[in-house]
There are 2 protein chains.
Amino acid sequence: MKELAKLLERIVQRVNINLRELGFDVTPYVANLVPPAQMLKFYAFYGISPNHPLNFQFRHTSLAGSYFLGKCQVTNSLLYKSDIRGDELKKKGDLFQCQGFEIPIQKDEEINIKDSFLIKTLVHSFSHDLETPEEFFIRDTIATHYSNIHGSPIDGCFLGPFVTVDLTTIHDCVVGAFSYIQAGEISHLSFKPGTVWVRNPGVFNFLYKYDPQELSKYIYFGPGSRPQGLFIDFVEDRQEAFQRVFDVVNLEPGIPVPRNASLDRFAVVKPHTLISENVLVAQRAYVQNSFLGKGANAQENCYIINSWLEGNDVTAHGAKIIEADLGSTVFVGFNSFLKGTPESRITIGNDCIIMPHTIIDVKAPLTIPEGSLVWGLVTNQKELAENSVSLDELSQVDSYFSKGAMCFEGSGKKFVEAFTYRIHHILEANGALYDGNKNMGHAQKNQRIAFNTIQPYTLGDSEGLYPTIIIQP
Amino acid sequence: MKELAKLLERIVQRVNINLRELGFDVTPYVANLVPPAQMLKFYAFYGISPNHPLNFQFRHTSLAGSYFLGKCQVTNSLLYKSDIRGDELKKKGDLFQCQGFEIPIQKDEEINIKDSFLIKTLVHSFSHDLETPEEFFIRDTIATHYSNIHGSPIDGCFLGPFVTVDLTTIHDCVVGAFSYIQAGEISHLSFKPGTVWVRNPGVFNFLYKYDPQELSKYIYFGPGSRPQGLFIDFVEDRQEAFQRVFDVVNLEPGIPVPRNASLDRFAVVKPHTLISENVLVAQRAYVQNSFLGKGANAQENCYIINSWLEGNDVTAHGAKIIEADLGSTVFVGFNSFLKGTPESRITIGNDCIIMPHTIIDVKAPLTIPEGSLVWGLVTNQKELAENSVSLDELSQVDSYFSKGAMCFEGSGKKFVEAFTYRIHHILEANGALYDGNKNMGHAQKNQRIAFNTIQPYTLGDSEGLYPTIIIQP
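Fair warning: this is a prediction, and the values are worked out from it, not measured in the lab. Residue positions within a chain follow its written sequence, with the count starting from 1. Chains and ligands are labelled sequentially in the order written, the chains with letters from A and the ligands with numbers from 1. Thresholds applied to this predicted model are a pLDDT of at least 70 for local features of residues and 80 or more for the giving and counting of side-chain atom pairs; totals over whole chains, interfaces and linings are not thresholded and use all residues.

K.L.:
Would you mind going over the overall build of chain A in detail, with residue names and values included?
P.N.:
The helix and strand labels rest on DSSP assignments: H or I over at least four residues marks a helix, E over at least two residues marks a strand, and numbering proceeds from the N terminus. For chain A, the count of helices and strands is nine helices and 48 strands. Taking 23 Å as the expected radius of gyration for a compact globule of 473 residues, we find that chain A reaches 21 Å, a close match to that expectation. Every one of the 473 residues in chain A was classed for burial, and the buried ones make up 55%. Our radius of gyration looks at C-alpha atoms and nothing else; its globule reference is 2.2 Å times the residue count to the power 0.38. In this scheme every C-beta is placed from the backbone, and a residue whose C-beta has 20 or more other C-beta atoms within 10 Å is buried, one with 12 or fewer is exposed, and one in between is partly exposed.

K.L.:
Explain the sheet that holds strand 35 (residues 324-328) of chain B to me, and be specific about the residues and the numbers.
P.N.:
Taken in spatial order, the six strands line up as 26-29-32-35-38-41 (chain B) in an open sheet, and their pairing is parallel. Taken across any chain shown, the strands that pair with only one partner, and hence form the sheet edges, are strand 26 (274-275) and strand 41 (366-368) of chain B. Pairs of strands are assigned from DSSP output, requiring at least two bridges between the strands.

K.L.:
Which residues make up the relation of the copies chain B and chain A, and what values do they have?
P.N.:
The copies were overlaid with a least-squares fit restricted to C-alpha atoms from residues scoring a pLDDT of at least 70 in each copy. When chain B is brought onto chain A, the operation consists of a screw motion whose angular component is 180 degrees and whose axial shift is 0.0 Å, with 0.0 Å RMSD remaining. Classification of the inter-copy transformation places it as that of a two-fold axis.

K.L.:
Let's hear about the domain arrangement of chain A: which residues, and what values?
P.N.:
All names here are of chain A. The assigned domain composition of chain A is domain 1 (2-225 + 449-471) and domain 2 (238-398 + 412-445). Its C-alpha centre places domain 1 at a distance of 24 Å from the equivalent point of domain 2. Contacts are defined on C-beta atoms placed from the backbone: any two residues whose C-beta positions lie within 7 Å are in contact. Listed per partner, the contact involves 23 residues of domain 1 and 22 residues of domain 2. The element contributing the most residues to the side of domain 1 that touches domain 2 is strand 23 (residues 204-209), with three residues. Only Asp, Glu, Lys and Arg are considered charged, only Ala, Val, Leu, Ile, Met, Phe, Trp, Tyr, Cys and Pro nonpolar, and every remaining residue, Gly among them, polar. Its residues assigned to classes, the side of domain 1 that touches domain 2 shows 13 nonpolar, five polar and five charged. Residue ranges assigned to the domains are those given by an automatic or database domain assignment.

K.L.:
Just give me the short version of the nonpolar core, but keep the residues and values in it.
P.N.:
In terms of nonpolar packing, the biggest core is built from 296 residues, with Val281(A) and Val281(B) touching the most fellow members. If sequence neighbours within four positions are ignored, Val281(B) has contacts with Ser262(B), Leu263(B), Asp264(B), Ala267(B), Val269(B), Ile275(B), Val287(B) and Ala298(B). A set of buried Ala, Val, Leu, Ile, Met, Phe, Trp, Tyr and Cys residues, joined through C-beta atoms within 7 Å, is what we mean by a nonpolar core.

K.L.:
Please give an account of the pairing of strand 35 of chain B that cites residues and values.
P.N.:
Summarising the sheet, strand 32 (residues 308-311) of chain B and strand 35 of chain B pair through three bridges and their orientation is parallel. Pairing of Gly311(B) across the sheet is with Ser328(B), part of strand 35 of chain B.

K.L.:
Can you lay out the environment of Met440(A) for me, pointing to particular residues and giving the numbers?
P.N.:
Residues and elements named next belong to chain A. Looking at the element boundaries, Met-440 is found in the loop between helix 8 (412-429) and helix 9 (442-445). Residues Met-440 and Cys-72, 368 residues apart in the sequence, show an inter-C-alpha distance of 24 Å. Among residues more than four places away in sequence, those in contact with Met-440 are Gly-431, Tyr-434 and Lys-445.

K.L.:
Can you lay out unusual backbone geometry for me, pointing to particular residues and giving the numbers?
P.N.:
Excluding glycine, residues mostly have negative phi values, and the peptide bonds linking residues are mostly trans. Phi at Asp140(A) takes a positive value of approximately 45 degrees, unusual for a residue other than glycine. Locating Asp140(A) in the fold gives a position in the loop between strand 11 (135-139) and strand 12 (142-143). At Asn335(B), a position not held by glycine, the phi torsion is positive, near 60 degrees. Examined against the element boundaries, Asn335(B) turns out to sit in the loop between strand 36 (331-332) and strand 37 (337-339). For Asn335(B), a count of 29 C-beta atoms within 10 Å translates into the label buried.

K.L.:
Go over the sheet that holds strand 36 of chain B with me, naming the residues and quoting the values.
P.N.:
Residue and element names in this part refer to chain B. Pairing is mixed in the open sheet, where eight strands are placed in the order 24-27-30-33-36-39-42-44. Edge strands, defined here as strands with exactly one partner in the open sheet, are strand 24 (262-263) and strand 44 (388-390). Of the strand pairs in this sheet, strand 36 and strand 39 (residues 353-354) are connected by two bridges, and their pairing is parallel. When the bridges of strand 39 are listed, Phe-331 appears paired with Ile-353.

K.L.:
Now, about the pairing of strand 6 (residues 95-98) of chain A: what can you tell me, with residues and values included?
P.N.:
Residues and elements named next belong to chain A. Where strand 6 and strand 7 (residues 101-104) come together, four bridges link them in antiparallel fashion. Looking across to strand 7, one finds that Gln-97 is bridged to Glu-102. What sits between strand 6 and strand 7 in their antiparallel hairpin is a turn of two residues, with Gln-99 showing a positive phi close to 50 degrees.

K.L.:
Outline the confidence of the model for chain A, listing residues and values.
P.N.:
Per residue, pLDDT measures the predictor's confidence, with a range of 0 to 100. Looking at chain A as a whole, its pLDDT mean stands at 95, while 100% of the residues score no less than 70. With a pTM of 0.91, the predicted complex shows an ipTM of 0.86.

K.L.:
How would you summarise the environment of Gln455(A) if you had to cite specific residues and measurements?
P.N.:
One can find Gln455(A) in the loop between strand 47 (450-454) and strand 48 (468-472). Here Gln455(A) falls in the buried class, since 22 other C-beta atoms lie within 10 Å of it. Considering only alpha carbons, one finds Gln455(A) and Ala64(A), 391 residues apart in sequence, at a separation of 7.5 Å. Discounting chain neighbours no more than four positions away, the residues touching Gln455(A) are Tyr43(A), Ile48(B), Ala450(B) and Asn452(B).

K.L.:
Which residues make up the interface of chain B and chain A, and what values do they have?
P.N.:
At the interface, 27 residues of chain B touch 28 residues of chain A. Sorting elements by how many residues they give to the side of chain B that touches chain A places strand 48 (residues 468-472) of chain B first, with five residues. Strand direction decides the pairing type here: strand 48 of chain A and strand 48 of chain B, joined by five bridges, are antiparallel. Within strand 48 of chain B, the residue paired with Gln472(A) across the bridge is Thr468(B).

K.L.:
Which residues make up the environment of Val378(A), and what are the values?
P.N.:
Take Val378(A): it is sitting in strand 43 (residues 377-378). Leave out the neighbours within four places in its chain, and Val378(A) touches Ile359(A), Ile360(A), Glu383(A), Leu384(A) and Asn387(A).

Okay, here's the thing in structure tokens:
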């Protein structure tokens with residue numbers, strides 16, 4: 001394990017150099033975060049499919065349990081059970097339209113991970129950086145449990161657990177646990193845990209901060225210890241169910257899957273689940289005793305338990321939906337935690353937007369009227385009133401709006417439009433809108449992918465390190 | 001499957017060009033030998049171990065179910081459930097001593113398979129060709145079910161089922177089913193089925209030919225049909241048992257394995273089997289209700305059923321031992337078929353040599369005295385007398401000796417010495433002689449190898465073809 005230890009040391013040093021201005025030392029956070037022996041226990045894997053042009057290049061890495069689909073290079077890095085998708089990377093010949101620019105794409109975009117340590121991190125979609133449209137880079141970065149690096153080139157950062165950086169280019173920042181950052185381009189900032197920030201410079205700015213005390217019950221990550229709290233307990237309680245899907249080479253789905261739907265063979269689906277047409281259940285999704293209506297999707301690291309999703313619902317990466325009934329076209333954002341009980345279910349009307357990183361944790365039934373936007377911590381009807389607004393009302397805002405711990409500036413109309421447009425895009429990309437002919441998406445394309453396993457050296461100085469692996473068409 | 005079909009066509013053409021002088025057309029033998037859909041059904045795999053320096057390079061191939069351990073390149077080839085070992089390849093800095101030459105090895109030897117179609121073929125050990133000591137090449141060759149290309153660079157050949165080419169460089173030859181060829185260097189020859197030929201030019205020459213009628217009961221391969229006979233039925237009857245070991249990712253051995261022994265995780269071991277120290281059970285070996293004494297080995301594609309192996313016994317690639325009791329240091333050569341029954345067991349004394357490609361198939365008990373050499377077809381005590389000789393007697397021969405259908409010329413002493421030396425080498429290489437300190441071999445080294453799986457494209461024109469795969473240290 002000698003080389004593995006040296007590799008980790010080297011990454012820690014590089015991240016610390018990037019964060020020196022912020023005076024942040026990652027060392028006490030990283031020590032023992034993943035016991036070295038764990039790096040040996042899980043095979044990594046990559047998908048072979050003619051729908052996803054191949055280029056995997058792994059050099060001097062440990063990849064325990066990680067998953068690769070699109071073009072990706074990993075160098076001098078440790079990935080632990082990370083999920084590196086890449087099936088939405090731009091392709092040569094595409095026209096990248098963003099912020100009024102139209103950029104012709106000269107070569108297939110690739111994910112490029114260097115000198116980084118990612119733990120259970122999801123990396124997905126594509127670089128939203130106009131400056132590097134053909135490279136989705138992740139450099140000199142440590143991202144901890146269940147963070148999402150989503151469309152966000154990142155360099156010199158430390159992400160706490162359950163952090164999401166979304167559509168943002170981010171340099172030399174520290175992002176505290178459960179923060180959600182969607183801000184265009186930022187650098188040299190430090191975010192406290194539970195910051196939810198959505199900004200389109202000059203157009204709108206949404207900011208909510210969790211009360212640290214309240215948040216720490218759900219997730220707390222201090223120096224010298226591993227992440228703690230209800231979120232961690234919740235996922236650890238269900239970890240065993242995943243063991244089986246990784247232990248068996250060919251796994252037949254235990255339930256019927258319509259031809260236009262996709263149930264990933266690395267998802268867990270427990271009894272009394274119904275999968276309708278155009279549904280996508282991604283790998284490492286967990287669905288139990290639930291109904292997924294037509295076009296609903298269950299993305300990576302999400303949990304859907306004892307719930308009803310009417311149709312065209314989005315359960316984003318890391319979202320949890322427990323004992324809830326969702327109308328159609330409900331969006332539940334990244335890492336949101338919706339926890340009802342059998343006696344106190346959560347009912348969510350059509351076309352609601354549950355903002356990323358929302359916690360709804362109720363002991364009495366809760367009903368969210370259709371067309372609402374919900375954010376922050378909601379444990380009862382009163383807090384719902386403080387932490388939600390109707391999309392219609394928000395659309396009227398054109399300068400400033402505040403409610404509870406949330407502040408909004410700018411155009412409410414543009415904010416609602418941006419969200420609505422994005423939800424439509426997500427449904428489209430995932431194949432929810434497939435009509436048997438047009439609008440094919442992941443649910444239809446991500447089928448019959450062959451998964452090849454890769455493992456590290458099991459002995460000697462290189463123990464835990466993977467050999468050089470190059471896979472091309 | 002378009003590209004797969006073109007690849008096979010191309011290989012067939014190349015082999016036919018090599019065999020044009022012999023007027024042999026492989027086409028009717030190859031058509032439908034492996035249904036194309038089979039090429040999709042099995043993952044191939046390669047071992048990652050610090051004891052086996054890595055260099056795998058697979059380009060434009062289909063590798064269904066094949067296994068790779070040592071350095072190997074495969075290009076424009078179809079391999080179907082082949083076993084490409086390579087853990088005895090020469091290493092940079094070695095001195096290759098052969099036929100009085102001492103050749104310094106300049107670079108690690110590699111297996112290089114090009115433009116070939118191998119079906120369940122075993123490729124093992126290293127190039128015995130003085131002219132290409134650093135490349136064990138296999139080119140423009142079709143090798144069918146359970147053939148062994150053993151230490152034998154080969155070019156432009158067609159090997160029938162259960163053929164072994166051993167320590168021989170062979171160009172543009174057709175080798176009929178169940179023939180065993182160990183002859184130094186040969187070209188432009190055609191061998192009838194059941195030819196057993198061991199030659200050291202100028203030193204000795206051993207020749208036995210099976211009666212075609214009698215052999216066809218065991219193995220027959222004609223144009224337009226697949227190989228048939230008892231050998232095929234025997235392995236097919238036991239194929240299902242292998243399914244399980246390939247279906248499960250991590251398989252714990254069901255029986256105790258001493259620390260100095262090695263039971264491959266892709267072997268089948270059925271109840272009431274005992275594995276002693278220094279035993280090697282290779283992948284795709286099948287052991288059932290048998291005792292493997294200290295230092296015994298069970299090599300690839302061998303079957304040991306209801307048998308007792310006292311210790312230091314060699315069960316070579318493809319050998320079958322059923323209802324037999326072996327003394328110590330008994331050698332059972334390639335593809336030999338020893339079939340007793342519960343009422344008529346085969347008893348083999350110490351230090352016997354059962355020549356490669358021997359068939360012992362009895363309906364009454366048979367006893368082979370210690371120190372015997374046995375060859376050919378033996379179905380009763382009388383035939384044993386015709387098809388065996390004591391090693392002592394053979395050692396006296398210095399010009400000519402004939403018995404039954406066997407002719408021997410040259411030095412019997414040298415012949416016995418060569419065999420005895422080789423058996424010692426095999427035991428040594430396999431770790432049978434390990435004393436806890438010295439003489440470490442495969443049984444001790446082939447442990448804790450991580451196996452990575454590889455699979456082909458499952459859709460489109462490339463269906464069944466593997467991507468380019470490069471694995472290096």
